[in-house]
Amino acid sequence: MSDSSVGKPIDRVDGRLKITGAARYSAENRLEGLVHGVLVTSTISRGSIVSMDARPARESPGVLAVLHRGAAPKVAKPKSDFFAGGMLGEERMPFEDDVVHYAGQPIALVVAATLQQARFAASRVRVAYRNEEPLLDPMDPRAPSSFPKQSFGEELQYRRGDVTAALAASGTVRVEATYTTPVETHNPMELSATVAEWRGDRLVVYDATQWVMGTRAILAETFEIPRKNVRVICPFVGGGFGCKGFQWPHTILAAMAARAVHRPVRIVLTRAQMFSSVGHRPPTNQKLTIAASPEGKLTAIRHETVQPSSPMSEYVEACGLSTSPHMYACANVEAPHQLVRINVATPTPMRAPGECPGTWALESAMDELAEKLSIDPIELRLRNHADADPSTGKPFSSKYLKECYALGAQKFGWARRTPAPRSMRDGDLLVGWGVATATYPGYRFPASAKISLAADGTATVRTAAHDLGTGAYTVLTQVAADALGLPQDRVRLELGDSDFPAAPVAGGSNTTASVSEAIIQAGAAMRDTLAKLAASDPRSPLAGIAAKDTVLAAGRLAASADPAKSVDWKDLVRASGRATIDAEASVKLDDEKSKAYSFHSYGAQFCEVKIDPLLPRVRVTRFVSVIDNGRVLNPKTSRSQILGGVTMGIGMALMEHTAYDDRTGRAITDNLADYAVPVNADIEGIEAYFIDRPDPRINTLGCRGIGEIGITGVAAAVANAVYHATGRRIRDLPITPDKLL
Ligand code: MOS
């Protein structure tokens, strides 16, 4: 048996391709005859288009077409939703009507021979609007508002017990506070881009997407062609964080334009367009009312979220979904969500949608409660630890949150903390230490994979999954190597092609948990296929041995009981007369297990800040993150995910803020100079640790996802540290110096 590859800190198998520029991203597909599309977007945020004069644009040099409501091929409106395998980012189809719902809405597309020509011509599309007063403030009482029942099948008006009665009870200690977050924008390095080409009635699309199968479904329905006639290719994604999860107008428009001009068309969004055309994290207003006995036992949690969407989507940033109902043992919990429609661009999931702002509010409130009760913040959380999921009573599939607190406290040195605010110093600097709980659900979806063994001794594994930059190529290579009993350098992963066996959206941190299982099952199918071939050859040492009594190891198929009896599978491939021997597996979920257990990951986030009292810029000097996501398949890529999540969380806590002009509703921080994110100089001393004990219920390897949990709880840990340093409780993110003056 070769050593197991899973569990080793393997370097990224796609690292060299990326460093050398050989990894080809969507926009880099320079197809023959490629022409360029540039979006024209609305400059007002509410009203309608009275007239559009496209002639000056059409007559500009190099222009092939100007598509707009009055001049665009008719297309159908897709019906698929998330569960049917594809989902529009906004419900409205481009050019569906003349109504303007938000600033930045696509209203025309100019196609020209060169990008410069298309840009110039786009500037010459003349639009006359009927301008209405936009609703821009989520708390504006005139904004249409609702209390939606569900989000992705989950309860949005959660309640258990009797919160009102519990809050009325005497002798409890109560915290009541409102926590707010601004709009945050994903800003992956790679801009959203689509290259579309029609080959007869077949559509081939290179799309920067987290979901090739979703893009395929939406395009097939839009153009009313069979799904098999659409191929969506995306082997590399330069970051997504959710903004490439669903399907947005530019992708549909690229395919529409390619059909209109009979040429391949490329649309690359500008950085500014990334702020209005592919979603953002909506702002949240969260009112927390929590009460506890003097001993620190929670008696009530009311977690009320108000958040806006555009008129084009019912997307809810569900702050009280995977947080307050599950986190602590508390009999009385309410977590209602109110959705408000305003004239700001359409939101979408962004890294840990819901849990990220939700833990900011809940874990800030828990810190306030700990302070009021004079109980150590970790001790308060331990006193309310949920041994089983308090929302259902079901056992957790596995949960080592107490171990996370303990390991984190030890690594961080929590015992040396003096509780009083402003009690710790480093020279002239105020020092603050804060803690918060992290959480994210453990998602697993159906997935499939195909393995092809070649006579040169290599294995190729294909699945329509994605590597967003997270390390999926590497980790899945390790899984496949073990499944086939091969060294990892003889395994090649191919991802991101809708012609490959179906795989889910790279969202909800599910890829490794889902696809590893498909690869393991495909490996088992491969063993059976090879064993049958061997068993049927009377001269084979394995003649007559049943498949279940064989094992794949070191490039050979061997009898389990007698490893000396073995064959080199290269010989089996050669003898088959085919180029490869293939095996495929499609894995559904085990419904009984899925229903019997609650699948959640947990973690503990510890933050140290240092603040100059005269110029109160918050510096995070140390951060310890301890995560229980079941078994760790690759400590190196997993650590990188947590470093990334914590870094993004520090950005959320201290910097990120998409600001809008409050007259026009246009994003004014629509570039990476004005939209501040942490750079290397802002980040130091992040440590990531894992409990690394398998979750025996989720899949064969026992692994839950790691992409999103790292950002959860971070903003609260930072804010709690800021309070400890300064005595100032900031409940409105980001914590910029002006708020501490
Ligand atoms: Mo993620 S926000 O589920 O892509």
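Below, the structure is looked at part by part. (Residues numbered from 1 in each chain as written. Predicted model: local features only at pLDDT ≥ 70, side-chain atom pairs only at ≥ 80, totals over all residues. Heavy atoms only, no water.)

A word on the overall build of the protein chain
Formally: Each helix is a run of DSSP H or I of at least 4 residues and each strand a run of E of at least 2, with the numbering of both proceeding from the N terminus. Just to be clear, the radius of gyration here is over C-alpha atoms, and the globule rule we use is 2.2 Å times residues to the power 0.38. Partly exposed residues are those whose accessible area sits between 20% and 50% of the maximum for their type, while under 20% is buried and over 50% is exposed, using a 1.4 Å probe and protein chains only. We call two residues in contact when some of their heavy atoms are within 4.5 Å. None of His or the chain ends enter the tally, which takes Lys and Arg as positive and Asp and Glu as negative. Just so you know, the charge point we use is NZ for Lys, CZ for Arg, CG for Asp and CD for Glu.
Looking only at helices and strands, the protein chain has 16 helices and 30 strands in total. Against the globule reference of 27 Å for 741 residues, the protein chain gives a C-alpha radius of gyration of 27 Å, in line with a compact fold. On the principal axes, the C-alpha backbone points of the protein chain span a range of 85 × 75 × 50 Å. Taken across its 741 residues, the protein chain has 61% of its residues classed as buried. Restricting to contacts in the protein chain with at least 6 residues of sequence separation, those with at least 24 account for 80%. Treating the 84 positive side-chain charges of the protein chain as one cloud and the 80 negative ones as another, the clouds have centres 2 Å apart.

Section: the packing of aromatic side chains
Given two aromatic rings, one states the distance between the centres and the angle between the planes to describe the pair. To keep things clear, this is the line we draw: Stacked, edge-to-face and tilted are the three classes for Phe, Tyr and Trp ring pairs, Trp counted by its six-membered ring, which pair at centre distances within 6.5 Å; planes under 30 degrees apart are stacked, over 60 edge-to-face, the rest tilted. In this scheme, Lys NZ or Arg CZ marks a charge over a ring once it lies within 6 Å of the ring centre and within 35 degrees of the ring normal.
The tally for this structure, following the rule as stated, stands at 18 aromatic pairs. With 6.3 Å between their ring centres and 70° between their planes, F82 and F246 make a pair best called edge-to-face. Of this pair, F82 sits in the loop between β3 (63-68) and β4 (99-100) while F246 sits in the loop between β14 (230-233) and α6 (249-261); the two residues are 164 residues apart in sequence, bridging distant segments of the chain. This pair shows no difference in class: F82 is buried, exactly as F246 is. Ring geometry for F275 versus Y675: centroids 5.6 Å apart, planes at 70°, classification edge-to-face. Here Y675 lies in the loop between α15 (635-654) and β30 (686-690) and F275 lies in the loop between β15 (265-268) and β16 (284-292), a separation of 400 residues in the sequence. The two residues F275 and Y675 agree in class, both being buried. Through a chain of ring-to-ring contacts, three or more aromatic side chains come together here, namely F82, F83, F152, W211, F246, Y440, Y443 and F445. Geometry around Y602 places K399 over its ring, the cationic atom sitting 4.4 Å from the centre.

Here we look at the environment of D98
Short version of the rule: In the analysis that follows, any N or O atom pair within 3.5 Å is treated as a polar contact, provided that within protein one partner can donate a hydrogen and the other can accept it, and provided that, for residues neighboring in sequence, both atoms belong to side chains.
As for its position among the elements, D98 is in the loop between β3 and β4. Taking C-alpha positions, D98 is 39 Å from W360, a pair spaced 262 residues apart along the chain. Those residues in contact with D98 that lie beyond four places of it in its chain are G47, S48, I49 and R69. Looking at D98, its side chain comes within polar contact range of the side chain of R69, at 3.4 Å.

As for the nonpolar core
What counts here: To define a nonpolar core, start from buried Ala, Val, Leu, Ile, Met, Phe, Trp, Tyr and Cys residues and group those joined through side-chain atoms within 4.5 Å.
The biggest cluster of nonpolar side chains holds 96 residues, and the ones touching the most others in it are L109, L203, L453, M526, L530 and L557. When residues in this core are grouped by element, the largest group, nine residues, is from helix α12 (residues 511-535). Excluding residues within four positions of it along the chain, L203 makes contact with A196, E197, W198, L219, F223, I225, N229, V230, R231 and A255. Of all hydrophobic cores here, the second largest spans 85 residues; its members include M350, L401, Y602 and V646.

A look at the pairing of strand β24 (residues 550-553)
Condition: By this definition, two strands are paired if DSSP reports at least two bridges between them.
When β24 meets strand β25 (residues 556-559), the two strands line up antiparallel, connected through four bridges. Residue L552 lies in a different strand from β25, and its bridge partner there is L557. If you look at the hairpin formed by β24 and β25, you'll find two residues sitting between the two strands, and A554 has a positive phi there, around 50°.

Some thoughts on the sheet that holds β15
Threshold: Here, axes are lines fitted to C-alpha atoms. For helices the fit covers the stretch in contact, and angles between N-to-C directions go from 0 to 180 degrees.
On the basis of which strands lie adjacent, the open sheet formed by seven strands has the order β3-β5-β1-β15-β12-β13-β14 and mixed pairing. Unpaired on one side and paired on the other, β3 and β14 mark the two borders of the sheet. The average angle at which neighbouring strand axes cross in this sheet is 20°, direction not considered. Across six bridges, the pairing between strand β1 (residues 35-41) and strand β5 (residues 106-112) is antiparallel. In the strand pairing of β5, L39 is matched with L109.

Quick notes on the pattern of salt bridges
Just so we agree on the cut-off: A pair is scored as a salt bridge if a Lys or Arg side-chain nitrogen falls within 4 Å of a carboxyl oxygen belonging to Asp or Glu.
Under the defined criterion, the tally for this structure stands at 43 salt bridges. For K548, the salt bridge is made with D549, and the minimal N-O distance between the two is 3.4 Å. You can call K548 exposed: its relative accessible area is 62%. Looking at D549, the relative accessible area reads 33%, which means it is partly exposed. Three or more residues joined by partner-sharing salt bridges are found here, namely D367, E368, R729 and R731.

Quick word on the sheet that holds β30
Overall, mixed pairing links the five strands, which are arranged β19-β20-β28-β29-β30 in an open sheet. Edge strands, defined here as strands with exactly one partner in the open sheet, are β19 (424-426) and β30. Pairwise comparison of adjacent strand axes, ignoring direction, gives a mean angle of 25° for this sheet. By the bridge criterion, three bridges tie β19 to strand β20 (residues 429-441) in an arrangement that is antiparallel. Each residue of the ladder has a partner; that of D426, found in β20, is L429. Against the sheet, α15 touches β28 (600-611), β29 (618-628) and β30, its axis set at about 130° to β30.

Considerations on the packing of helix α8 (residues 355-373) against helix α16 (residues 714-726)
Rule in force here: Each helix crossing is assigned a hand: it is left-handed if the near helix lies turned anticlockwise from the far helix by less than a right angle, otherwise right-handed if that turn is clockwise.
The geometry of α8 relative to α16 is characterised by a closest axis approach of 8 Å and an angle of 30° between their N-to-C directions. Viewed along their axes, α8 and α16 form a crossing whose handedness is right-handed. Side by side, α8 and α16 meet where T359, W360, E363, S364, D367 and E371 of the first sit next to A715, A716, A719, N720 and Y723 of the second.

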